[in-house]
Amino acid sequence: MSIETGIQLPAPSLRIGAQELLDGESTHEHIDPATGKVNGLVPMASTAQVDQAVQAAHEAFLAWRALPAGQRARKLMKLAELMEENTELLAAAGMADNGAPRITAGNMVGAAVEWTRYYAGWADKLPLGRITSNGGAGGSFGHTLRQPYGVIGAIITWNAPLMSLAMKVPAALAAGNTVVIKPSELTPFTPTVFADLAREAGIPDGVINIVPGGPAAGAALVEHRLVKKVTFTGGPATAQAIAASCAKTFKPMILELGGKSANLVFEDADLDKAAGHAAFFSFGMMSGQACALPTRLLVQESVYEQFIEKVAAAAAQFPIGDPAGEYTMCGPVINQAAIDRIDSMLGAALEEGGRLVTGGQRLGGELAEGFYYPPTIVADVDPNGSLAQNEVFGPVLAVIPFRDEAHALQIANGTDYGLSGYIWTSDLGRGLRLAESMETGEIAVNGAFNATAERPFGGIGHSGIGNEGGLEGLEEFFWTKSVGIATR
Ligand code: NAD
């Protein structure tokens, strides 16, 4: 079942300098996750095309870097404006790409506009350098310069392509770099629309290049000697391959990876608010397919059963179905492979002693042709078991009881990941203590929302290296040079 959005999307293409190419070395059939049917053909870039794209970015670099900062700022600001004006088009692309519900896809456009605008604002206010010594006793005048790298290789995944583009490209461009983007072949529409809008905004040919493809194209981009830094969003296994490749030439990289973020609910919390939040972020919005979601729910024993019931009741209210539906909150997962992975991880969790509270089986009936999985709650999960330790990337919530603050902290810090942490308590002192003690890149107390452009976002451990967002996200795209001038 699918409700057409009625919006014509451009055919997926490669963008190499001024060229727009509909042919790669092969073609990938894009499957609409809502219907299971082919809804587009994706040209897959060859290694030679990746090389051409890098050459185009390399050739565009010096002119882009030399452009007066105010002009770079205006072009990026114009891109933000065009994205906002084309909200319906970008949202339609998002729905077609990965089955994001209309509400989610629309909200993402709003967020992507803000990220683009934020970094456009930095472009002519760059913290480019500072005086480190002014001559005098040492006999030299010293200053540090921050310099753009050149070509940035950006590899993104399929779960939120517009957000990934907005978190990487404007910051890289504001700093004076050019980019070659390798999107996932699973989400070709959004990058194509983004490239069209960038051109309309006056961003010169070659500054943004796009080479859709699979692992081979990604690997070719990472290895290319003219790619000076890699920024990657995806899973830890791919990140290891990228890190190994970068290690050969000591190429720097930003890695934005997965998570198994703990959500700590204490007995003194506003339980209704916490339950609504847990349900929405675990099942609604992106059907569990986002890195920072609170997928490990740790609940104090005294309110354990009561809280699980509240989360299940909230999730039962979510309309599931066609992404284009006006009220749909839960869309499909990305493909059959995701359904198989969810089934297999759920089966293992139940064998390990987990208790199925709700969900647990792919939806049939009129949704049978799409890849729909219902909100699924597994209680009594072993903190060291497979469901507590591994990311599912689907609408499956692992629930674990805890006794007190120390016990909660021990469980929370007991995975290899370190992306996000969530705390629900009316004791602000406890909130602050835990915010300091939890080993993650971000903390949200009582439902605070951190994923805004001005705040750094990034993980530690298996969740990654480096940041996107804020000044930290901008600084990733500079290298530092120390200059000394003899004064005597
Ligand atoms: P993945 O690692 O399989 O693929 C990501 C991208 O890497 C794709 O474009 C893919 O084609 C490319 N790729 C694959 N092999 C490659 C190689 N050898 N060299 C270079 N590129 C290669 O990612 P996935 O599993 O499909 O994505 C889901 C993961 O992404 C989850 O773990 C999720 O948590 C993570 N994610 C993280 C963030 C974040 O900001 N931290 C955001 C979204 C998703």
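Throughout, residues of each chain are indexed from 1 in the direction in which the sequence is written. This being a predicted model, a pLDDT of at least 70 is required before a residue's local features are given, and a value of 80 or more before pairs of side-chain atoms are given or counted; all residues contribute to the totals for chains, interfaces and linings. Hydrogens and water are ignored here; the side-chain numbers use all heavy atoms of the structure.

A. Main features of the pairing of strand β7 (residues 151–155). Burial of β7 is extensive: 5 of the 5 residues sit out of reach of the surface. Only protein chains enter the accessibility calculation, which uses a 1.4 Å probe; a residue whose area is less than 20% of its type maximum is buried, one above 50% is exposed, and one in between is partly exposed. Every helix listed is a DSSP run of H or I at least four residues long, and every strand listed is a run of E at least two residues long, numbered separately from the N terminus. Because side chains alternate across β7, one face comprises the buried residues Val151, Gly153 and Ile155, and the other comprises Ile152 and Ala154, equally buried. At this point the chain moves from β7, through helix α5 (residues 161–174), to the parallel strand β8 (residues 178–182), and the crossover so formed is right-handed. DSSP bridges decide pairing: two strands pair if at least two such bridges lie between them. For β7 and strand β10 (residues 227–233), the ladder comprises 5 bridges, and the chain directions are parallel. Bridging across to β10, Ala154 finds its partner in Thr231. The handedness of a crossover follows from its direction of travel: if, with the strands pointing away from the viewer, the path from the first strand over the helix to the second runs clockwise, the crossover is right-handed.

B. View of the packing of aromatic side chains. Within 6.5 Å between ring centres, the rings of Phe, Tyr and Trp (the latter by its six-membered ring) count as paired, and their orientation is classed by plane angle as stacked under 30 degrees, edge-to-face over 60, tilted in between. In the structure shown here, the tally under the stated rule is 6 aromatic pairs. Ring geometry for Trp115 and Tyr119: centres 6.4 Å apart, planes at 45°, overall tilted. A residue pair is termed a helical-turn pair when its members lie 3 or 4 positions apart in one helix, as Trp115 and Tyr119 do in helix α4 (residues 102–123) at 4 residues. Tyr119 gets classed as buried once you look at its relative accessible area, which sits at 0%. The ring of Phe266 has Arg430 sitting right over it, with the charged end atom 4.0 Å from the ring centre. Over a ring means this: the NZ of a Lys or the CZ of an Arg is within 6 Å of the ring centre and within 35 degrees of the ring normal.

C. Here's a closer look at the site of the ligand. Proximity is defined per residue: any heavy atom of the residue falling within 4 Å of a molecule or strand makes that residue near it. Near the ligand you find 25 residues, and of these Ile156, Trp158, Thr238, Leu257 and Glu391 are the closest. In the model, an oxygen atom of the ligand is placed 2.8 Å from a nitrogen or oxygen of the Ile156 main chain. Polar contact is the term for a pair of N or O atoms within 3.5 Å; when the atoms are in protein, one must be able to donate a hydrogen and the other to accept it, and sequence-neighboring residues count only if both atoms are side-chain atoms. The side chain of Thr157 places a nitrogen or oxygen atom 2.9 Å from an oxygen atom of the ligand. For the area figures, the Shrake-Rupley method with a 1.4 Å probe applies, and any residue is considered shielded solely by the protein chains shown. A total of 860 Å² of accessible area belongs to the ligand in isolation, and the protein chains cover 83% of it. Contributing elements (two or more residues each) for the shell around the ligand: α7 (215–223), β10 and α8 (236–249).

Any link to function would need more than the numbers given here.
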